[in-house]
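Chains, contacts and geometry: an overview
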Amino acid sequence: MAKNPKRPVAGLPDKDTLLAFLREAGEAEKSDIARAFGLKGAERRMLREMLRELEAEGKLGKRGRKGFAEVGTLPPVGVADVVARTDDGELVVQLVKGDTDAPQAILATDKDRRGSAPGLGDRLLVKFERVGDNEWIARFIKKLDADGLKILGVIRKGHREVRIIPVDKRDKDVLTVAPAQAEGLKDGDLVLATSQRGEGRYGPKRGKILEVIGREDDPRAASIIAIHQNNIPIGFSEAVEAEANDQELPTLKGREDLRHIPFVTIDPQDARDHDDAVYAERDTDEKNPDGWVVWVAIADVAAYVRPNTALDREARAKGNSTYFPDRVEPMLPEVLSNGLCSLKEGENRATMAVRMVFDKSGTKIGHKFTRGLMRSHAKLSYEQAQAAIDGQQDDTTGPIMDTILYPLWNAYACMLKGRERRAPLAIESLERRVKMSPNGGIEAILPRKSLEAHRLIEEMMVQANVCAAETLEKARTPLIYRVHETPSQEKIFNLADFLHTIGKNWSKGEAPTTKRFNKLLGEIKDTEHAEVVNEVVLRTQMQAFYSTENLGHFGLNLDRYGHFTSPIRRYADLMVHRGLIRALNLGNDGLTDREVAELSGVAEHITDTERRSMAAERSAMDRYIAAFLQDHVGATFNGRITGVTRFGLFVRLDETGADGLVPVSSLGDEYFVHDDRSHALVGERSGKRFPLGMNVQVLLVEATPVTGGLVLQMLSEAAPRDPNAAQPRLGMRGRNDNRPGHRGKGAGGKGPGGGRSRNGNKPNGGLKGVRKGKRK
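These numbers come from a predicted model, not from an experiment. Just so you know, the residues in each chain are numbered from 1, in the order the chain's sequence is written. Given that this is a predicted model, residues contribute local features only at a pLDDT of at least 70 and side-chain atom pairs are listed and counted only at 80 or more, while totals for whole chains, interfaces and linings are drawn from all residues. As a rule here, side-chain values cover all heavy atoms of the structure and leave hydrogens and water aside.

Working definition: helices are DSSP H or I runs of at least four residues, strands are E runs of at least two. Numbering for both runs from the N terminus. When helices and strands are counted, the chain shows 16 helices and 35 strands. In the chain, which comprises 776 residues, the proportion classed as buried is 53%. Whether two residues touch is decided by their heavy atoms; if any such pair falls within 4.5 Å, the residues are in contact. Across the chain, contacts joining residues at least 24 apart in sequence account for 68% of those joining residues at least 6 apart. Calculation of accessible area relied on Shrake-Rupley with a 1.4 Å probe; when residues are assessed, cover is drawn exclusively from the protein chains displayed. On the chain, roughly 35800 Å² of surface is accessible, and the fraction owed to carbon and sulfur atoms is 46%. Per-residue accessibility, obtained with a 1.4 Å probe over protein chains only, is compared with the maximum for each type, and a residue is labelled buried under 20%, exposed over 50%, and partly exposed between these values.

Turning to the nonpolar core, a few remarks are in order. Throughout this description, the term nonpolar core refers to a set of buried Ala, Val, Leu, Ile, Met, Phe, Trp, Tyr and Cys residues connected via side-chain atoms within 4.5 Å. Counting residues in hydrophobic clusters, the biggest one holds 89 residues, and the most contacted among them are Phe263, Val296, Leu336, Leu405, Leu408, Met460 and Phe564. Per-element accounting of this core gives the leading share, 10 residues, to helix α11 (residues 452-474). Discounting residues that sit within four places of it in the chain, Val296 has contacts with Ala277, Val278, Met352, Ala353, Val354, Met356, Met460, Met461 and Ala464. Listed in part, the 50 residues of the second largest apolar core include Ala496, Ile502, Val533 and Leu692.

It is worth spelling out the pairing of strand β16 (residues 276-282) at this point. Within β16, five of the seven residues are buried, leaving the element largely enclosed by the surrounding structure. When β16 meets strand β17 (residues 292-299), the two strands line up antiparallel, connected through seven bridges. Looking at β17, one finds that Val278 is bridged to Val296. Strands were regarded as paired on the criterion that DSSP finds at least two bridges between them.

A word on the confidence of the model for the chain. The pLDDT averaged across the chain works out to 84; a share of 86% of its residues lies at or above 70. Per-residue confidence from the predictor is given as pLDDT, running between 0 and 100. Contacts for the low-pLDDT stretch residues 730-775, under 50 throughout, to residues beyond four places or in other chains number 134 contacts.

So, on to helix α12 (residues 489-501). Here a helix's expected span is defined as the number of its residues, less one, multiplied by 1.5 Å. With 13 residues, α12 should cover 18 Å at 1.5 Å per step; its first-to-last C-alpha distance of 19 Å lies within 8% of that length. Along α12, the residues that are buried comprise Ile492, Leu495, Ala496, Phe498 and Leu499. Angularly, the buried residues of α12 cover 165 degrees about the axis, an arc narrow enough to put them on a single face. Of the surrounding secondary structure, the elements contacted by the buried residues of α12 are α13 (514-524) and α14 (530-540). Of the residues trailing α12, Gly503 is marked for its positive phi of about 80 degrees. In this description, one arc is meant: the one made by directions from the helix axis to the C-beta atoms.

Our focus in this paragraph is the packing of aromatic side chains. One pair of aromatic rings is described through two measures. These are the centre distance and the angle between the planes. Paired rings are identified among Phe, Tyr and Trp, the last through its six-membered ring, by centres lying within 6.5 Å, and are further divided according to the angle between planes into stacked (under 30 degrees), edge-to-face (over 60) and tilted (the rest). For the structure shown, the criterion picks out seven aromatic pairs. Residues Phe263 and Trp295 carry aromatic rings whose centres are separated by 6.3 Å and whose planes lie at 85 degrees to one another, so their mutual orientation is edge-to-face. Here the residue Phe263 occupies a position in the loop between β14 (256-257) and β15 (264-267), and Trp295 occupies one in strand β17, the gap between them amounting to 32 residues. As far as burial versus exposure is concerned, Phe263 and Trp295 are alike and both buried. With 5.9 Å between their ring centres and 45 degrees between their planes, Phe672 and Phe690 make a pair best called tilted. With Phe672 in strand β30 (residues 672-675) and Phe690 in strand β32 (residues 689-691), the pair connects residues that are 18 residues apart, well separated along the chain. Among the aromatic side chains, those forming a connected cluster through ring pairs are Trp506, Phe517 and Phe554.

Along the chain, Arg539 falls in helix α14. Overall, the relative accessible area of 22% leaves Arg539 in the partly exposed class. For Arg539 and Leu495, which are 44 residues apart along the polypeptide, the C-alpha to C-alpha distance reads 9.0 Å.

Right, let's talk about the packing of α11 against helix α15 (residues 571-584) for a bit. The N-to-C vectors of α11 and α15 enclose an angle of 45 degrees; their axes lie 10 Å apart at closest approach. On the basis of the axis angle, α11 is oblique to α15. As for the relative orientation of α11 and α15, their crossing is left-handed in sense. Across the interface between the two elements, Ala468, Thr471 and Leu472 of α11 pack against Val576, Gly579, Leu580, Ala583 and Leu584 of α15. When residue character is reported, Ala, Val, Leu, Ile, Met, Phe, Trp, Tyr, Cys and Pro are called nonpolar, Asp, Glu, Lys and Arg charged, and the others, Gly included, polar. Here the residues of the contact of α11 with α15 are counted per class, giving six nonpolar, two polar and no charged. Every axis corresponds to a line fitted to the C-alpha atoms, with the helix fit spanning only the stretch in contact, and the corresponding angles, defined between N-to-C directions, vary from 0 to 180 degrees. Here the word oblique covers every angle except those under 35 degrees (roughly parallel), over 145 (roughly antiparallel) and from 65 to 115 (roughly perpendicular). In this scheme the handedness of a crossing depends on how the near helix is turned from the far one: anticlockwise by less than a right angle means left-handed, clockwise means right-handed.

So, in structure tokens, the structure goes:
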């Protein structure tokens, strides 16, 4: 906690009291707040909901990893970057870990102080003081290491100077490069640079080039940019590589021999690692008529990546593998991820396996974990397995239909009964994939098919993950849960408002359940609103994360859930494996006491690394799509409005799934008002509307691969005035300046939100489909 505020009255505070407490404290973590008010049990859960509501209302912001602070405030002491200089020559600082609405402050320095004065680009430790309603000054304490103030940009050569243009649409700082630094640079070079203090009091911001990392016209530049922009760790240290290479083939020592079980792997066609295998057979126990036994075997990564080794430390730092269309940045070295830890066909592999028993109704009635030695009988792709079940067998699948594939599908049919009773969230979200050409270019943007084979593997992985959580809970062994919380009240209210615009009712007082969501999705299936309602329901959901506190998994409708099935690519799963080894006495390489003590911090860290990877994957995909569409500027496309803001419309193109921005400045000759209740832009004079979900035709005006941005122009006429619509709220006008050449703030200027989202203009960051068992 930043300060020691006056001890409050015990008991759950109201929102005003909570904000007053944070205002006095400066910032506080949830545990600090709960302790200060003496909250326990249900009151802590109510506090968590109150914090979420205050965030949704825009009154509360995150401060660092765990802290909360009132929006528009600054802590008593903080780390800040010098980001600008006023016309009067004063330096302006911005809190490094503040929320997006954190105010800037004027830097006050002691003119008599010794040592070098702060300058643009410096990172400082400062003391903040409020001097007005929303005016702050920062008292200089000391300079800090400015490492991390790196800018990824593209070299642009002019007649008089060389500039570095940031690839991040949100970054407005263009740097100039000293002549000596510009030697050998070419227009279009991708560089990592850091900002330096300009020459003289009013000098331009100079850039110092740290590294040339590629070319913007390289077909694979999208991944390179995403990796550097999101600080994705790449490669491995010599110590890690040495440890990975110094591993032995597995033997039966301390393991159950499972090589007689004909496991098969079923993965994407281009998969390089295979960390799970499956097998099913009818249960021969007379007490379980028509029941099924399902085996899930997972690579025993814990046998090779042991606690507190170089391998372990680097795997933890990476947190997970990151997947791009043209490459993978793996969590483990290839000798493990694509070698000893990959369940290759016909090769002995160490495994952590679970044998699950289901009765004829699809209810799991028992399970048992074992550490074994297995041998995959066949390597199949999803498409290959599905084709075989559909009657198109090949040389691999033909001989194993009766012994392996039909039993797997029959077992899944049984498990499906239990899944349908459980009723997990059934959102249909179309995922796109980039098909790369042999020379590294983009051949096509294609929809990713959803096959029954995908759902079979997903359900078997889900059940194995549940077994892991149940086993660790029963043994009272701490674990990292995969948590997905119930949607907040604010999100449900927004959903209800939207549904009212399409004639669907959702009571705002109704508790959200997966069955209620599925009922809604079933009602709109095969209607004109199906796609947009699926999109809105998806945005209504909370973001999943890792936690040592069991808060359940709303989307899967499960009371407890852990990640067990992908230890090659997720550190969370490796920790669960170690927990099982410890709980079941399966070896001396299980979870250590030190790891138990650190578990909460690890959960928080791997949540951060997962989100870092997701951001990198999305931004790379957006840049690949922009590069693919660059040759189609001037073409028209059909699409659907998937986002409505006061600065423009977000439109998803039907053909590629790309998201682009239609700036409000291109919508006609009148002001458009953002009506947040009906999710539409409404003509202030005519009442014509561009509502969420509307099918439209647009012109591609601009595609910028280096940033991933798409700018569109609306070609479709607005929908007629809605005679039943309430008067739109005023004071939310979209600027509409039709002067020649005016692009409007939403098209990339400095308007609200910059008019640009981080990932190709996708509101809320979007959410794409996931690989099996990867991010549920």
